[in-house]
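Take a look at the letters that make up each chain.
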Amino acid sequence: MNGIGALTDSYGHLAGRRLEEWNAAYEKVENYFHALRVRNKALLGQLVLRVLERAAHRAPVEPERSATQLAAEEMDRIVIEWFAEVLQEPPANADQMLSTRGRLALLLADMPGRWQEQFLRPGPWPEEFISAMRETYLRAGPDFQLSKMTPRPFDLGPITTLTNLGKLPYLKMVLAWTLFALLLVAIFILTH
Amino acid sequence: MSGVSPSAPASSQSPPLRVMAAPRIERHGWRLFIFYSSAFLLTGLVSMLFADLLWRKGWSASRTVLLVLFVILFLFIAIGCMHGLYGFVLRMFGDDRCITRLKEYRGQSIAGISTAIVFPVYNEDVVRVCEGLRATYESLEKTGQLERFDFFILSDSTNPDKWIEEERYWYDLVHELDALGRIHYRRRLNNENRKSGNVRDFLNAWGRRYRYFMVCDADSVMRGKTLVDLVKLMETHPTVGLIQTVPATVNAESLFGRIQQFANRLYAPLFIAGLNYWALDLGNYWGHNAIIRTEPFMQFCDLPQLPGRKPFGGQILSHDFVEAALMLRENWEVWFAYDLEGSYEEAPQAMIENAQRERRWCQGNLQHGLVLFAKGLRGVSRLHLILGICGYLAGPLWLAFLLTFNWICWFHKHTGLSDITVQAFTRYLSSFSGTAHALLIFIICMVVIMLPKALALIDLSYDSERRRAFGGLARATTGVFCETIFSTLHAPLLMLWHTRFVVTNLLGVSVGWWPQKRAAGGTTWTYAIRRHWGHTLFGLVWGAFMWWLGPSLFWWFTPMLAGMILSIPLSVFTSRRSLGAQARKLGLFLTPEEIAPPPELVALRANMKVHEITEDTSPRRPHTGLAEAVLDPYVNAIHVSLLREKQLNPVYAEQLAGMGVGSPQVRALGEKLLAAGPDKLTPAERLLVMADERTMVWLYHEAWLRQSLAPWWKASIREYSRQDES
């Protein structure tokens, strides 16, 4: 709280940006942590301010970027760095796939239910939390055991020849007229 | 929660399947002979009476047509009646020729036997599917044999919202049941060959891990003990390839649904016992709630394409009968386990939904007309196929019979011929007048139609436990009476529907593959008018014509005409839950599962109620699934993980590559999605984007970090955050 407050430079401004801009940035970061199911308001506020503080420190040297942009980038960076640390992935390999693995680990370890206070906290973490994060993987199915079913065509005898008649052009029309003619003959026979 | 290391080998190629066809056991077909001889004998006798009647009124060409139609139609009802009659006798005196009584199987060990329980789904109600699976899973857990079974949700859903919903509910289910590694989820990349293709895809990927697999429908529920019993039965009988249970219809709430459910529960035991009498080990498969021996199925039951064009050629739509026929062709036995309880399914809740299902089945059954000629099939398989086809041909034949009869009456009136009745050639009927003769035939027909219902009641009266389960004999009798009135009104509509389905199918008009509407929401008046105006008009015109022909004739046709003319209110009222509940309050159409619901159904209903109360039922914004898959950190992670897992299967990897997954074009579509919103992409493009794991990860990142997004995304982020808060 103090960190970001100290960056107030003039009336209505913070780190060279208007307060409304920081408000939008706050909302963006809060929405993101909300989506991660960080529901404890105290923790949520703390995490958002930590992100904004880092964004505010970058703000004076990157005047062309909006507060929201800076905050979003910092939010992503903080989370990825933390995933790399917890999952023991080298930061050099920290890519978007690490984010996926990290989010999945959070879900499987039940961070929203059991470990909210550990989220984004620097280590050391409880052993149970660490093992839950590192050792669980989501598998939708067991190992594949591939084989290939092969159909054996039916031997329909002469019927196969008949089915080929369907490919003839105008067959439907010829059939329809034949049926109509037969109907007329039937009516004639029945009425005479 | 358990997990599997990603470094574990994820796929292996199995050696080619090698299952020998079982040696052909020659059967003495005396049961088949006696059964069908009875039906033919009855048909012959009554047809002779009918022919005599026609003779007495003066023979003509149109009367020949009428007689031929009568013989065919009477044979259908005689076969139905024989099923009821034989079933009744067997239930009264017992039948040892039943798979559950051939050998002692309960002591059979199933240690080390693996069985997969698969739920193929296609854009279904995800909550219902998952809760049905949960009820089955929990019931199985109580048997202590859970570790011998794996569950698979095999999705063929094409709706992106359903796809994501399925993934989300699947995860919730495994999380709540601690069943990761026990309940699996797989979505196919294409819908080739529909349900049979879906199951085949499962078998190609995992089939060889399991000695048996059980196919469930999206609305199936199975009792754990029944599942274990089925595996034990298969282990006890190594020559059996498939055992079909007889699912009890349950959970109906509308009046229509409850009537159908009551009829199913009361009459089906007789009919199936009758069916088992002649089918024995040459039974049939109904597509779900059945256990199948994997190896022979994989080797012999893959369905070929039929030659020629639609409606007969191409992909086999009603796969179940054909798969059973292929199993029997290789001398594997197929049985009905008709006395095993604990197998359930749901049925359509309104007449129109029921007709929609009938339409799909009609096309599939008519296609069997071509399969009939396949060389090598067993005669009994051909009989099963013929009975299926006849179920749908009966409608147009009845209509043709009635129209021919009307033609004869009209011709008689038009020509002014005198009505002289000559002597009957059947000596005993000489004293009967023409009218009395006609009345006798009518009474015989009614007896043949009604006899199974009466026998079902007699059967019930002899079994005190079952009698109580139906609410007592008096209530069951009233139920049968009311059900008979309803089915009398419903039958002419089925006749018109089936006629239309058969004609449109023969003209090559194919049916779409729509998921079934199973909820008892009720038919609206507008919808009923749209669907039934033709029936009403047909009934009115026909009624007026009959009246003009002669009021006495008209009154004989009133039950049929009433069904047509009253089709709109009949359809609306019978679809209502309130009337279903009212009937229940009056003690009408009670079934054993309503009076004393088994634990698995109690659990299902309770869980469905929780969803009903707690879940937001307001209509969701379009593309909610896509928004969730991109914006929800966890849903996105699950989705991407499942996509990544697909790459481990070379078949899926090839399909994904074929779709263009991983190409710059998909990334460009992702860019368009963010910049312009999902409406600017075609449904196929949206599905393609959602099938690309890298694009989905990138979209997640960009949607949360980027500032310039389409308004749709900004609104989704706002709504998403609020929704999560609530």
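Caption draft 1: Geometry of the overall build of chain B. When its secondary structure is counted, chain B shows 28 helices and 11 strands. Here the C-alpha radius of gyration of chain B, 28 Å, is about what a compact globule of 726 residues would show, namely 27 Å. Overall size of chain B, expressed as C-alpha extent along the three principal axes, is 95 × 60 × 55 Å. Within the span of chain B, comprising 726 residues, buried residues form 48% of the whole. Partitioning the intrachain contacts of chain B with sequence separation of at least 6 by distance along the chain shows that 84% fall at a separation of at least 24.

Caption draft 2: Representation of the overall build of chain A. When helices and strands are counted, chain A shows nine helices and three strands. When the helices and strands of chain A are listed from N to C terminus, the series reads α-β-β-α-α-α-α-α-α-β-α-α. Residue pairs in contact within chain A that sit at least 24 positions apart in sequence constitute 53% of those at least 6 positions apart.

Caption draft 3: Here's a closer look at unusual backbone geometry. A positive phi is found at arginine 37 of chain A, a non-glycine position, where the angle reads about 65°. Among the structural elements, arginine 37 of chain A can be located in the loop between helix H2 (19-35) and helix H3 (41-58). One non-glycine residue with positive phi stands out, namely phenylalanine 589 of chain B, at about 60°. Inspection of the secondary structure assignment puts phenylalanine 589 of chain B in the loop between helix H19 (577-585) and helix H20 (592-595). According to the C-beta neighbour criterion, phenylalanine 589 of chain B is buried, with 30 such atoms within 10 Å.

Caption draft 4: Region of interest: the interface of chain A and chain B. Facing 50 residues of chain A, the contacting portion of chain B comprises 65 residues. Among the elements of the structure, H2, helix H4 (67-86), helix H5 (96-108), strand S3 (144-146), helix H8 (159-165) and helix H9 (171-191) of chain A are those that each provide at least two residues to the side of chain A that touches chain B. Looking at the side of chain A that touches chain B, the element that brings in the most residues is H5 of chain A, giving eight residues. Among the residues making up the side of chain A that touches chain B, the classes are represented as 22 nonpolar, 18 polar and 10 charged.

Caption draft 5: Here's a closer look at the packing of helix H12 (residues 379-415) of chain B against helix H15 (residues 473-506) of chain B. Residues and elements named next belong to chain B. Contact geometry of H12 with H15 gives a least axis separation of 7 Å together with a crossing angle of 110°. By the angle between their axes, H12 is roughly perpendicular relative to H15. Between H12 and H15, the contacting residues are Tyr392, Leu393, Gly395, Pro396, Trp398 and Leu399 on the first element and Leu494, Met495, His498, Thr499, Phe501 and Val502 on the second. The residue makeup of the contact of H12 with H15, split by class, is nine nonpolar, three polar and no charged.

Caption draft 6: Fine view of helix H2 (residues 61-93) of chain B. Here H2 of chain B spans 47 Å end to end across 33 residues, near enough to the 48 Å set by a 1.5 Å rise per residue. Positive phi shows up at glycine 94 of chain B, right after H2 of chain B, with a value of about 85°.

Caption draft 7: Region of the structure containing the pairing of strand S3 (residues 149-155) of chain B. Residues and elements named next belong to chain B. Taken across its seven residues, S3 has seven buried, putting it largely inside the fold. Of the two faces of S3, the one holding Phe149, Phe151, Ile153 and Ser155 and the one holding Asp150, Phe152 and Leu154 are both buried throughout. Looking at chain direction, strand S2 (residues 115-121) and S3 are connected through seven bridges and run parallel. By the bridge assignment for S3, isoleucine 117 is matched with phenylalanine 151. With helix H4 (residues 126-143) bridging S2 and the parallel S3, this β-α-β connection has right-handed handedness. Both S3 and strand S4 (residues 183-187) contribute to a ladder of five bridges, which runs parallel. Of the residues in S4, the one forming a bridge with serine 155 is arginine 187. Note that the unit made of S3, helix H5 (residues 160-177) and S4 has a crossover that is right-handed.

Caption draft 8: Examining the domain arrangement of chain B more closely. Residue and element names in this part refer to chain B. By the assigned domains, chain B splits into domain 1 (22-93 + 240-286 + 297-522 + 575-597), domain 2 (112-223) and domain 3 (624-725). The C-alpha-based centres of domain 1 and domain 2 are spaced at 32 Å. Listed as interface residues are 14 residues of domain 1 and, on the opposing side, 17 residues of domain 2. Per element, the largest residue contribution to the side of domain 1 that touches domain 2 is three residues, and it comes from strand S11 (residues 343-345). Classifying every residue of the side of domain 1 that touches domain 2 by side-chain character gives six nonpolar, four polar and four charged.

Parameters at a glance
Residues numbered from 1 in each chain as written. Chains lettered and ligands numbered in written order. Predicted model: local features only at pLDDT ≥ 70, side-chain atom pairs only at ≥ 80, totals over all residues. Helix = DSSP H or I, 4+ residues; strand = E, 2+ residues; numbered from the N terminus. Rg over C-alpha atoms; globule rule 2.2 N^0.38 Å. Buried ≥ 20, exposed ≤ 12 C-beta atoms within 10 Å, placed from the backbone. Contact = placed C-beta atoms within 7 Å. Nonpolar A, V, L, I, M, F, W, Y, C, P; charged D, E, K, R; others polar. Axes fitted to C-alpha atoms, helices over the stretch in contact; angles between N-to-C directions. Parallel < 35°, antiparallel > 145°, perpendicular 65-115°, else oblique. Expected span 1.5 Å × (residues − 1). Pairing = 2+ DSSP bridges. Right-handed = clockwise from strand over helix to strand, strands pointing away. Domains from an automatic or database assignment.

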